[in-house]
Amino acid sequence: LPAMPCRLFLVEDQELVRSAMHAYFSAADDLEVAGEADTVGEGIHAIDALVRQDAAPDLLITDLALPDASGLELIEHARRAEWPIRCLVLSGRSENQYVEAARRAGADGYVLKGNPNTYLAAVRTVAAGDAYCSDRLQAAWDRASEQPLGTDPRHAGESGRDAS
């Protein structure tokens, strides 16, 4: 029996980019697009419905710059809600602070837009349970893992200590 395909959920506000991603990932035998949204709110609603139906996607792929909120907020929501899902950021933003913030938010990987050859490797690596980061962002990714949770004021209380 062939293994079940990895089920992806795409959150990207640019229709052309999202439809291209859908076609690109769907062309791979081991991947399937289980759903998509163009805002954080839509993504939360749709993924939550899938989770309740016992049909949670395996991997969330989100952009950072979305119309209603940051993709980081979607990842943080996924972690708080304890969805059984891995999270990959696919962004055009290469500045260190975005990479570090994504890692601290709970992302399992960060891949830069613009080089589709890296997308499949990123998806397969993260889906398999490993971290993935575009080469030129690796130093920022590694730095973020050295900062313990609870040291960022936006995440006060997550380390088990009350923020008050």
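It should be noted that the structure appears before, not after, this text.
Residues numbered from 1 in each chain as written. Predicted model: local features only at pLDDT ≥ 70, side-chain atom pairs only at ≥ 80, totals over all residues. Heavy atoms only, no water.

Novice: Residues and numbers for unusual backbone geometry, please.
Specialist: We note that Asp54 has phi near 60°; this positive angle belongs to a residue other than glycine. Looking at where Asp54 falls in the secondary structure, it is placed in the loop between helix H2 (40-52) and strand E3 (59-62). By relative accessible area, which is 77% here, Asp54 ends up exposed. One non-glycine residue, Glu82, adopts positive backbone phi at about 60°. (Helix = DSSP H or I, 4+ residues; strand = E, 2+ residues; numbered from the N terminus. Buried < 20%, exposed > 50% of the residue type's maximum accessible area, 1.4 Å probe, protein only.)

Novice: Hey, could you go over helix H1 (residues 15-26) for me, with residue numbers and the actual values?
Specialist: With 12 residues, H1 should reach 16 Å at 1.5 Å per residue; the first-to-last C-alpha distance of 16 Å fits that figure. Three or more residues of H1 are buried, namely Arg18, Met21 and Phe25. Buried residues along H1 cover an arc of 60° about the axis, so they all sit on one side. Looking at the buried side of H1, the elements it contacts are strand E1 (6-11), strand E2 (31-37), E3, strand E4 (86-91) and helix H5 (117-127). (Expected span 1.5 Å × (residues − 1). Arc of directions from axis to C-beta. Contact = heavy atoms within 4.5 Å.)

Novice: Give me the lowdown on the pattern of salt bridges, citing residues and values where you can.
Specialist: The final tally for this structure, using the stated rule, is 10 salt bridges. With a closest N to O distance of 3.5 Å, Arg7 and Glu32 form a salt bridge. Taken together, the residues span a long stretch of sequence, with Arg7 in strand E1 and Glu32 in strand E2 at a distance of 25 residues. Linked through salt bridges whose partners overlap, the residues forming this network are Glu12, Asp63 and Lys113. (Salt bridge = Lys/Arg side-chain N within 4 Å of Asp/Glu carboxyl O.)

Novice: Tell me what's going on with the environment of Trp141, and back it up with residues and numbers.
Specialist: If you trace the backbone, Trp141 turns up in helix H6 (residues 138-145). Separated by 45 residues in sequence, Trp141 and Asn96 have C-alpha atoms that sit 8.0 Å apart. Ignoring sequence-local partners within four residues, the contact set of Trp141 consists of Val99, Arg103, Ala107, Asp108, Gly109, Tyr110, Ala131, Tyr132 and Cys133.

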